[in-house]
Each structure stands twice: as structure tokens, then as C-alpha cells.
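# Coordinate inspection notes
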Amino acid sequence: MAMGQPDELLWDSEPRTLIKHHIYRRYLDCWMGKVCQSFEYATIVDAFAGPGVYKDGLDGSPVVVAKGYLEHSHLERFKNLTVLCAEKREDRRDHLDGLLNGISRPAKLRLQVLEAGEALARHKELDAIAHQHGPSIPTLWILDPFDWAGVPFDLVKACLQRPRDEVLVTWFADELYRFCEHAPKQAAIDRHFGGSAWRAALEVRGEGPRKEALLKAYREGIERLSGSTFTESFSVASKNAHARYSLVFATHDMRGMTCFNQAKWRMDPHRGMSANEWKYGQPTLFDPEPDLSGLRGKLESLAGQARTFEYLVNQAQRLGFTEPQVRTTLTRMDEDGLAIRQSPVKSTTPWPAGSLIRFYAAAADNGLSLTKLSPSTFERVRPGH
């Protein structure tokens, strides 16, 4: 939610608002395509819903969600979705309710606005409605408050307690960086992080590196909730190129990671990490090449091992990459003689599902150019054979 004066009913959007909503929409296109066709019921909780529109006409997040459902290419096959909205101010709550009531929709899309109240204080009520058809109902929690204090760690933890719960939380990098050395605020920051481990970031110097360290500490705190909690993030930078805030995503399911990773690489085709609010959408002469060096490094560390394609995709998704990027990197490593499909021997595609890939280390410099060696030649010259 864009920052505005507390007494305003509506406020102007910011450039970063559009970026945030594009992330929402792109993630939801994938999430709805998977969830709303596979489960009889699903829920999206917008816990800081706002009035539903900005002064300049930009849709608020509840309307973005509703339109994402109604405009989806698979709408005819979709099942029941409840969009549950909470807003603490009564005037904004009433404005949102009026907007949503004006949206024509099928009975399988339920748009519900609760009576005005704080999301943290009424989490149990929100959770009960979200999971009224069972504890395993897929539920996406959108936590987008006015400031970092609006989302203490206990709320994030509560929103991830069920097996198919996911969270998208707005994380205020600028404010946390500004106040992290301010002693009177550190107890409140502890509540935001769920502990004091974040204080190690105070040893990191420089705005960019410290913001990255704080974000890493926040994500690690969420991942410690269980061995099956995964996180990713996408940052929105401002004029100085440092993160203004980040969208932190948390899930228990690698299919959720698949959707979020696809969304962030569409937003940032070069690194899949961030967008600058003052440059986003500006045309460029050439599309940037994706930086897959981190993925390549991970696969190169598997030298001497054989791994299934599914294992490689799982590891890549945890690093924030996508399945097509795994295929691209494997092809380049195959060309360099560093990876080979061990099985199946014959296939119509280079890296089919279920295939087993063996990795090799680059040979010591012996006058041969590995990039010109075929995999079969590399088999003959690698050390020890």
C-alpha cells in the first residue's frame, strides 16, 4: 500500500505501487492456474486491504486480485475462491465494500469485506473463515501495511501455521535500515524479526550491503519456522538504486516457489531480483541476458555426482531460478563438457523429466579446449580415466 496521510480516505499511488501490483498479478496468474483448478476451495486474505482504489484511479490490491480471477484464461475451469478483506478504518472499509459489490462476478468468486478492525487482533477470525472448509485449504495471505510495525513476526508465523498457507509481505527496507541503530526502536524491531539475530547486520557497513543483510536475516527467521518453509524476495529500488522495500514470499510448497520465481524473472529479466521504480517499464534497445552465474556455480559444485533433473530443479528454485533456466544452463554445460545426460540414452528432448544428469569437473589446462570437446571425448580425457 502506498504511503499517504493517515486522515486521507484515498491517496495517490506511487511508481512502486504499480510494480508491487504487477508482482501480485503475475504471481496470482500462476497461483490461480494451479490452485483454482485443483482444489474445490481456496482463499486469499488481504489483511490490509485499504479503500480499493487510489486517487489517480489505480486499482487497490483487492480489485487486482478479483480481476486476476475474472480475467484468467482458465476461468471456466476454476472452482471456488474467497477473497477475504480486512481494513481497520471504517470509512475505507465501506468504500472498498462498495467497490467490490459493484464487480459483476460468478457465484464461485466470493468477495467478502469484514467489519472494520485490526488484522493482528482478528487473525483467529480471519483464519477460521479462510479455512472454514478444512485446515488444508490453500490460503494466500497478503500482508501490506503502512509501515513495518504493522506486521510483527508473530503475525507472519500465524499466517504460515497451516500446510498450504503462503504469505506475501511488504518488507520496509528503508525504514528498518534507518532505525536499526536507534536504541529505542530496537525492541520493536526484535518483534518484527522474531528475535535479535538481525542485530548481526549492524556489523555490516554500507547502505546496500546492510539492507541485504537485514533482508537475509528476516528470510532466515521465516525459514527457521519449519524445515519445509521456503522464502524468496523481490526488491523495489528508488533513485539511489538501493532497495526501498522488498516483497518477501514464504511458502511450504515448491510449486509456490515456481510461481514466484517466474513472476520475479518477468519483472527483472537480467537478475530476477529487483526493479527500479523510476526506470520500470522504460524501453531498452536490447533485452538483458539473464544472469545465470549463480545457478551455474551451483551445478558446477556437483562435479563427480549424478542427480535427477527433478532434484536440480528443486535446488534451482530454492536459489530463485526457474526450470527453463536449469535447461539452458545444462545445455551450456553440456557444450562445455561438464554435464551429460546419463539416462535415458535416447530422448526427443535434451533434458526430459526423470532424466539423470552426471556432472564433471573442468580438466586441468592441458592444451585442450574443453568447449570444443564432445561429452564422449570428455569421458576419455577426464582425470582418473
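Preceding this section is the structure that the text describes.
Residues numbered from 1 in each chain as written. Predicted model: local features only at pLDDT ≥ 70, side-chain atom pairs only at ≥ 80, totals over all residues. Heavy atoms only, no water.

## Observations concerning the overall build of the protein chain
- Assigned secondary structure in the protein chain consists of 13 helices and 11 strands.
- Burial status across the protein chain gives 49% buried among its 385 residues.
- A separation of at least 24 residues holds for 69% of the contacts in the protein chain among residues at least 6 apart in sequence.
- As displayed, the protein chain has an accessible area near 17900 Å², and 51% of this comes from carbon and sulfur atoms. (Helix = DSSP H or I, 4+ residues; strand = E, 2+ residues; numbered from the N terminus. Buried < 20%, exposed > 50% of the residue type's maximum accessible area, 1.4 Å probe, protein only. Contact = heavy atoms within 4.5 Å. Areas by Shrake-Rupley, 256 points an atom, 1.4 Å probe, with all protein chains shown as cover.)

## A closer look at the pattern of salt bridges
- Counted according to the given criterion, the structure contains 27 salt bridges.
- In this structure, the salt-bridge partner of Asp144 is Lys20, at a minimum N-O distance of 2.8 Å. On the criterion of sequence distance, the pair formed by Asp144 in the loop between β4 (139-143) and α5 (153-159) and Lys20 in helix α1 (residues 15-38) is long-range, its members being 124 residues apart. The same class applies to Asp144 and to Lys20, which are both buried.
- Notably, a salt bridge pairs Arg332 with Glu289, separated by 3.7 Å at the nearest N-O pair. (Salt bridge = Lys/Arg side-chain N within 4 Å of Asp/Glu carboxyl O.)

## Focus: the sheet that holds strand β10 (residues 339-343)
- Across the sheet, which stays open at both edges, the three strands sit in the order β9-β11-β10 with antiparallel pairing between neighbours. Since the sheet does not close on itself, it has two edges, and those belong to β9 (306-308) and β10, each with one partner. With direction set aside, neighbouring strand axes in the sheet form an average angle of 35°.
- Two elements, β9 and strand β11 (residues 356-359), share three bridges in a ladder whose sense is antiparallel. Residue pairing for β11: Thr308 is matched across the bridge by Leu356.
- Packed on one face of the sheet, helix α11 (residues 309-318) meets β9 and β11 and runs near 80° to β9. (Pairing = 2+ DSSP bridges. Axes fitted to C-alpha atoms, helices over the stretch in contact; angles between N-to-C directions.)

## Observations concerning the pairing of strand β2 (residues 80-85)
- Of all six residues in β2, five are buried; the element is thus mostly enclosed.
- Judged from the six bridges that link them, strand β1 (residues 41-46) and β2 form a sheet pairing that is parallel. Counted as the bridge partner of Asp46 is Cys85 from β2.
- Crossover connection from β1 via helix α2 (residues 61-70) to parallel β2: handedness right-handed.
- Pairing of β2 with strand β3 (residues 109-113), which is carried by five bridges, proceeds in the parallel orientation. Its bridge partner being in β3, Thr82 is matched across the sheet by Arg110. (Right-handed = clockwise from strand over helix to strand, strands pointing away.)

## So, unusual backbone geometry
- Of note, the amide linkage connecting Ser343 to Pro344 takes the cis form, showing an omega dihedral of -5°.
- By secondary structure assignment, the location of Pro344 is in the loop between β10 and β11.

## A short note on the state of the cysteines
- A complete count under the given rule lists one disulfide for this structure.
- What pairs with Cys30 in a disulfide is Cys259, and their sulfur atoms sit 2.1 Å apart. Here Cys30 and Cys259 share a disulfide; its torsion about the S-S bond, -65°, makes the bridge left-handed. Taken together, the residues span a long stretch of sequence, with Cys30 in helix α1 and Cys259 in helix α9 (residues 254-267) at a distance of 229 residues. (Disulfide = S-S within 2.5 Å.)

## Comments concerning the packing of aromatic side chains
- Counted under the stated rule, the structure contains 11 aromatic pairs.
- Centre to centre, the rings of Tyr27 and Phe249 are 5.1 Å apart; their planes meet at 55°, and the pair counts as tilted. Here Phe249 lies in strand β7 (residues 243-251) and Tyr27 lies in helix α1, a separation of 222 residues in the sequence. Just as Tyr27 is buried, Phe249 falls in that class too.
- Where Trp171 meets Phe193, the ring centres are 6.3 Å apart and the plane angle is 90°; that geometry is what we call edge-to-face. One end of the pair, Trp171, is in strand β5 (residues 165-171); the other, Phe193, is in helix α7 (residues 183-193), with 22 residues separating them in the sequence.
- Exposure remark for Trp171: the relative accessible area of 1% places this residue in the buried category.
- Taking the relative accessible area as the measure of exposure, Phe193 reaches 6% and is therefore buried.
- Following the ring pairs from residue to residue traces out a cluster consisting of Trp171, Phe193, Trp198 and Tyr218.
- For Arg178, the ring lying beneath its charged end belongs to Phe179, and the centroid distance is 5.7 Å.
- Stacked on the ring of Phe179, the Lys or Arg Lys185 has its end atom at 4.8 Å from the ring centre. (Phe/Tyr/Trp six-rings, centres within 6.5 Å; stacked < 30°, edge-to-face > 60°. Lys NZ or Arg CZ within 6 Å of the ring centre and 35° of its normal.)

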